[in-house]
Amino acid sequence: MQKFKFKLDGLLKVREFKEKKVKIELGEILKEISEVEGKIALANKAIDETYEAQEVLMKDPSSGRMLQFFPYFIQGKKEDIKNKENLLWALKKKYDVKITELATARGQVKVMENFKEKKLGEYTKERNKKEMESIEELLMMRRSGFDASKE
């Protein structure tokens, strides 16, 4: 009897490849999310440091031009944070879409694997049945051969 061959193996491999591709894309999105969150944290830290520097500068006599710098810097950082938060929101939306895509891809792979296992089970049963029939035939031939030799 022939060796088991799953006719849809190519399709299964394509679906597995798609699942791996989606996992890689998810990893990239998560990496981007963590980078953006890190940049937001750095901007917030820069704002805090600016306030501290402004307080230190205010203790000593200084020019008005120097003091004008701080509000503009802080405003720019806050706008940068707002932009980064918008980017973060978009990345999280993209992440949610990829999660559903991954679930679909996993489901498709699982269906194909289950189908392959079912076909393998059927093949194994059929092979075992044929082997048992062959064994029974051999036993029958031996019995009939022994019976003929006794006479």
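Heads up: the structure comes first, above all this text.
None of the values given here were measured: they were computed from a predicted structure.

A.B. asks: Which residues make up the overall build of the protein, and what values go with them?
C.D. replies: A tally of helices and strands in the protein yields two helices and zero strands. Compactness check: the protein gives a C-alpha radius of gyration of 36 Å against a globular reference of 15 Å for 151 residues, more than 25% above the reference. Over its C-alpha atoms, taken along the principal directions, the protein stretches across nearly 130 × 25 × 15 Å. Within the protein, buried positions represent 17% of all 151 residues. Intrachain contacts of the protein at a sequence separation of at least 6 include 88% that bridge at least 24 residues. Of the roughly 12,100 Å² that the protein leaves accessible, carbon and sulfur atoms contribute 57%. With 34 positive and 28 negative side-chain charges, the protein shows a spacing of 4 Å between the two charge centroids.

A.B. asks: An account of the packing of aromatic side chains is needed here, citing residue identities and associated values.
C.D. replies: Throughout the structure, instances matching the rule amount to four aromatic pairs. Each ring, one from F69 and one from F70, has its centre 5.4 Å from the other, and the planes form 65 degrees; the classification is edge-to-face. Given the relative accessible area of 43%, F69 is considered partly exposed. F70 sits in the buried class, given a relative accessible area of 6%. Three or more aromatic residues joined by ring pairs make a cluster, and in this case those are F69, F70 and F73.

A.B. asks: Can you lay out the environment of W89 for me, pointing to particular residues and giving the numbers?
C.D. replies: In this fold, W89 is placed in helix 2 (residues 64-150). The exposure class assigned to W89 is exposed, which follows from its relative accessible area of 58%. With 56 residues separating them along the chain, W89 and I33 place their C-alpha atoms 9.1 Å apart.

A.B. asks: Help me get a handle on the pattern of salt bridges, residues and values and all.
C.D. replies: A side chain with one charge may pair with a side chain of the opposite charge, provided their charged atoms come close. The tally for this structure, following the rule as stated, stands at eight salt bridges. Measuring nitrogen to oxygen at the nearest pair gives 3.5 Å for the salt bridge that ties K84 to D80. Here K84 pairs with D80, and both are found in helix 2, just four residues apart, close to one helical turn. Given a relative accessible area of 28%, D80 falls into the partly exposed group. Residues joined in a network through salt bridges with shared partners are E19, K23 and R106.

A.B. asks: So what's going on with the nonpolar core? Residues and values would help.
C.D. replies: Judged by nonpolar contacts, I29, I33, V36, I40, A43, I47, I74, I81, L88 and L91 together constitute the single largest core of ten residues. Elements supplying a minimum of two residues to this core: helix 1 (9-59) and helix 2. With six residues, the top contributor of residues to this core is helix 1. Residues in contact with I74, not counting those within four places in the same chain, are I47, T50, Y51 and Q54.

A.B. asks: Can you break down a negative patch on the surface residue by residue, with the values?
C.D. replies: A cluster of acidic side chains, namely D48, E49, E52 and E55, defines a negative patch on the protein surface. With respect to the helices and strands, the residue D48 is situated in helix 1.

Parameters at a glance
Residues numbered from 1 in each chain as written. Predicted model: local features only at pLDDT ≥ 70, side-chain atom pairs only at ≥ 80, totals over all residues. Heavy atoms only, no water. Helix = DSSP H or I, 4+ residues; strand = E, 2+ residues; numbered from the N terminus. Rg over C-alpha atoms; globule rule 2.2 N^0.38 Å. Buried < 20%, exposed > 50% of the residue type's maximum accessible area, 1.4 Å probe, protein only. Contact = heavy atoms within 4.5 Å. Areas by Shrake-Rupley, 256 points an atom, 1.4 Å probe, with all protein chains shown as cover. Lys, Arg positive; Asp, Glu negative; His and termini not counted. Charge placed at Lys NZ, Arg CZ, Asp CG, Glu CD. Phe/Tyr/Trp six-rings, centres within 6.5 Å; stacked < 30°, edge-to-face > 60°. Salt bridge = Lys/Arg side-chain N within 4 Å of Asp/Glu carboxyl O. Core = buried A, V, L, I, M, F, W, Y, C linked by side-chain atoms within 4.5 Å. Patch = residues over 30% accessible without salt bridge, like charges linked within 9 Å, V, L, I, M, F, W, Y side chains within 5 Å.

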